[in-house]
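This is what each chain is made of:
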Amino acid sequence: MEKRTKRWGDRPDAYWIRNLDGLHAIMPHLMNKRTDAEVYVNMEFDVTEALRYIEEKNRGEDEYKTTLFHCILMAVAKTVYLRPDLNRYISGRRYYQRHEITLGFVAKKRFEDHSEEKLVVATAPEDWTLTAVTRQVVGKVHKARTEKSGGAMDILKIMPRWFLMLFFWGLKTLDFYGKVPAVLKEDDPNFASVFLTNLGSIQCPSVYHHLNNYGTNSIMIAIGTMHKAEKIAADGTRQVRDVVELGITLDERVADGFYFGRSLKIVQHLMSHPELLDRPLKEAIDLDC
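Residues numbered from 1 in each chain as written. Predicted model: local features only at pLDDT ≥ 70, side-chain atom pairs only at ≥ 80, totals over all residues. Heavy atoms only, no water.

**With respect to the environment of Arg-4**
Residue placement: Arg-4 occurs in the segment before β1 (14-16). According to the relative accessible area criterion, Arg-4 is partly exposed, its value standing at 40%. Distance from Arg-4 to Val-240, taken between C-alpha atoms, is 49 Å for residues 236 residues apart in sequence. (Helix = DSSP H or I, 4+ residues; strand = E, 2+ residues; numbered from the N terminus. Buried < 20%, exposed > 50% of the residue type's maximum accessible area, 1.4 Å probe, protein only.)

**Some words on the pairing of strand β8 (residues 219-223)**
Buried residues dominate β8, accounting for five of its five residues. Where strand β7 (residues 194-198) and β8 come together, five bridges link them in parallel fashion. Of the residues in β8, the one forming a bridge with Val-194 is Ile-219. Across five bridges, the pairing between β8 and strand β10 (residues 238-251) is antiparallel. Across the sheet, residue Ile-221 finds its bridge partner in β10, namely Ile-248. (Pairing = 2+ DSSP bridges.)

**A few points about unusual backbone geometry**
Its identity as a non-glycine residue notwithstanding, Arg-93 has a phi of 65 degrees, on the positive side. Take Arg-93: it is sitting in the loop between β3 (88-91) and β4 (94-98). The backbone of Gln-203 sits at a positive phi, close to 60 degrees, despite the residue not being glycine. Tracing the sequence through the fold places Gln-203 in the loop between β7 and β8. By relative accessible area, which is 62% here, Gln-203 ends up exposed.

**Regarding the pattern of salt bridges**
With the rule as written, the count across this model stands at twelve salt bridges. Asp-13 serves as the salt-bridge partner of Arg-98, at 4.0 Å between the closest nitrogen and oxygen. Note that Arg-98 is positioned in strand β4 and Asp-13 in the segment before β1, a separation of 85 residues in sequence. Lys-228 is paired through a salt bridge with Asp-242; the nearest N and O atoms lie 2.9 Å apart. Remark: Asp-242 occurs in strand β10 and Lys-228 occurs in strand β9 (residues 227-232); sequence separation between them is 14 residues. (Salt bridge = Lys/Arg side-chain N within 4 Å of Asp/Glu carboxyl O.)

**Some words on empty space enclosed by the protein**
For the structure on display, the rule yields three cavities of 30 Å³ or more. The space that makes up the largest cavity amounts to roughly 170 Å³. Contributing to the lining of the largest cavity are 15 residues, with Leu-86, Ile-221, Ile-248, Leu-264 and Val-267 lying nearest its centre. Per-element accounting of the lining of the largest cavity gives the leading share, four residues, to helix α8 (residues 257-272). Of the residues in the lining of the largest cavity, the class split is 13 nonpolar, two polar and no charged. In terms of lining residues, the second largest cavity is bounded by Arg-11, Pro-12, Asp-13, Tyr-89, Asp-175, Gly-178, Lys-179, Val-180, Lys-185, Phe-191 and Thr-216. Here the residues of the lining of the second largest cavity are counted per class, giving four nonpolar, two polar and five charged. (1 Å grid on protein atoms, 1.4 Å probe; cavity = no way out; pocket = protein on both sides within 12 Å on 5 of 7 lines; lining within 4 Å. Points joined across faces, edges and corners; volume = space filled by probe spheres on them. Nonpolar A, V, L, I, M, F, W, Y, C, P; charged D, E, K, R; others polar.)

**A few points about the packing of helix α3 (residues 68-82) against α8**
Contact pair α3 / α8: the axes reach a minimum separation of 9 Å and the direction vectors enclose 135 degrees. Taken together, the axes of α3 and α8 are oblique relative to one another. α3 and α8 meet at a crossing whose hand is right-handed. Two secondary-structure elements touch here, α3 through Leu-68, Cys-71, Ile-72, Ala-75, Lys-78, Thr-79 and Leu-82 and α8 through Ser-263, Ile-266, Val-267, Leu-270 and Met-271. (Axes fitted to C-alpha atoms, helices over the stretch in contact; angles between N-to-C directions. Parallel < 35°, antiparallel > 145°, perpendicular 65-115°, else oblique. Left-handed = near helix turned anticlockwise from the far one by under 90°. Contact = heavy atoms within 4.5 Å.)

**Digging into the nonpolar core**
Core analysis: the largest hydrophobic core is formed by 56 residues, its most contacted members being Leu-103, Trp-128, Leu-196, Ile-221 and Met-271. When neighbours within four sequence positions are excluded, Trp-128 is seen to be in contact with Met-74, Ala-77, Leu-103, Ala-122, Thr-123, Val-133, Gln-136, Arg-279, Pro-280 and Leu-281. (Core = buried A, V, L, I, M, F, W, Y, C linked by side-chain atoms within 4.5 Å.)

**Considerations on the environment of Asp-235**
You can see Asp-235 is positioned in the loop between β9 and β10. Relative accessible area serves as the criterion here: at 60%, Asp-235 is assigned to the exposed category. Only 2.7 Å separates the side chain of Asp-235 from the side chain of Thr-237, close enough to count as a polar contact. (Polar contact = N/O pair within 3.5 Å; in protein donor to acceptor, adjacent residues only side chain to side chain.)

**Digging into the sheet that holds β3**
Ordered in space as β1-β4-β3, the three strands form an open sheet in which the pairing is antiparallel. The open sheet has two edge strands, β1 and β3, and neither has a second partner. Across the sheet, the mean angle from the axis of one strand to that of its neighbour is 35 degrees, orientation sign disregarded. Here three bridges tie β1 to β4, and the two strands are oriented antiparallel to one another. Note that in β4 the partner of Ala-14 across the bridge is Arg-98.

What follows is the structure, given as structure tokens:
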């Protein structure tokens, strides 16, 4: 990502975008909450080629098996890299451009009703590839599922209501000014470029998922269950393909509909040409979309 000299008003994770047009400059004041500016789209992605690539890639691999979720993570990271406006956020009624691409999700310790959930955030360096994604995510999920429970939330949950009201008022005030302590942000998907929830892993369809006013996350993606669907091929023939629905909620203030629309086409292009996912994040690719 672009390196810039830090100036007054910049934040540890992003720089303040000052050269905005009039419309974008006033939008955070007209719609000052992220939940005021949500746009939702449900889109079906063809993953047939990705599944074939995964099967071939996992041949002979026992420890680090690539999954469709890993492919989606890499495709999203590559799209954000190619479309940097997606890596913006609005906080404290100002626009910021992140220094890094981060992807957050929730890992359930066990697939049981009352099993504990752990928050996971992965940072995408410029040399990221699908292989690196698999190794990093498998490692982080394993750590989240095996490490001992506890921490700040277990302390907070026993505090009286008045204390929690005061604590979270103070936390939200710090959030407005970009002063939330790093220890509270580092593993919180609410501060990630993209927050994903893999509902397909629990056999659940894609759903609408709201954004949060706390934090800096501007994109939420709910991944549904993979299923078969009949599609019309370029030659006019009917084919049965493997597809996955993604429910994507966006903060419309960070970019316009045209920008978002082209970005979604890039995700589909990458999933249809999965070999591109094993090239470094920073490597330029030819797009026919």
